[in-house]
Amino acid sequence: ESYAGVKHHVAVSIVGADRLPGSGYLRAKIAQENLIKAGTVPYSILRSTQFFEFAASIAMSGTIGQEVRISTGGVQPIASDEVVNALKDVVLGDPKYGTVEVAGPVKMPMHEFIGYYLASTEDPRQLVPDDHALYFGTLLGSDSLVPLGDARLGKIKYESWLRSQLVQA
């Protein structure tokens, strides 16, 4: 990047990744962040919470037969459009030499997030809230995937976004 004249390295990562070392995927995100920080190119890292659009794949990852076993850990999901807006601001701004976090406006248990999805799509599978269900190979706590400090919060609530998506379909 230095040789190519890159003036601002921007990476997207995950809120809480540093608090979940039991997940190989999230450890890899932290390794990526550390490599960026150790480099000589000015940088900014945007950490986001889970996108609304991930609900279907999260439900699928917890499916065993007709049950969907989902963690009771906390999440603060966000519309991807709001992440894109935050990313635009980071890309066009000065390098932060640090991390910026973006999250949805409402904190909720992961199983509630997925429950909205299953109900709204009339999915016949049974939701089973499970304190021991894994997310990317690790257990979640109540604050594992939510910002703990300052974060840019989106305005779009999941339930209204989901209704708008179903109307468009």
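## So, the packing of aromatic side chains
Summed over all chains, the structure comprises 9 aromatic pairs. Among the aromatic residues, those joined into a ring-pair cluster are Phe 52, Phe 113, Tyr 116, Tyr 158 and Trp 161.

## Quick look at the sheet that holds strand β6 (residues 98-103)
Overall, parallel pairing links the 4 strands, which are arranged β1-β2-β6-β9 in an open sheet. Strand pairing shows two members of the sheet lacking a second neighbour, β1 (9-14) and β9 (152-153), which therefore form its edges. The strands touched by helix α1 (residues 24-38) within the sheet are β1, β2 (43-48) and β6, with β1 carrying the most contacts at an inclination of about 155°. Its contacts with the sheet put helix α3 (residues 80-92) on β1, β2, β6 and β9, and the angle it makes with β2 is roughly 170°.

## With respect to the environment of Ala 79
Mapping Ala 79 onto the fold places it in the loop between β5 (74-75) and α3. Using a relative accessible area of 2% as the deciding quantity, one classes Ala 79 as buried. The spatial distance from the C-alpha of Ala 79 to the C-alpha of Glu 53 is 7.3 Å, given a sequence separation of 26 residues. If near-sequence neighbours (up to four positions away) are discounted, Ala 79 is found in contact with Phe 52, Glu 53, Ile 156 and Trp 161.

Conventions adopted
Residues numbered from 1 in each chain as written. Predicted model: local features only at pLDDT ≥ 70, side-chain atom pairs only at ≥ 80, totals over all residues. Heavy atoms only, no water. Phe/Tyr/Trp six-rings, centres within 6.5 Å; stacked < 30°, edge-to-face > 60°. Pairing = 2+ DSSP bridges. Helix = DSSP H or I, 4+ residues; strand = E, 2+ residues; numbered from the N terminus. Contact = heavy atoms within 4.5 Å. Axes fitted to C-alpha atoms, helices over the stretch in contact; angles between N-to-C directions. Buried < 20%, exposed > 50% of the residue type's maximum accessible area, 1.4 Å probe, protein only.

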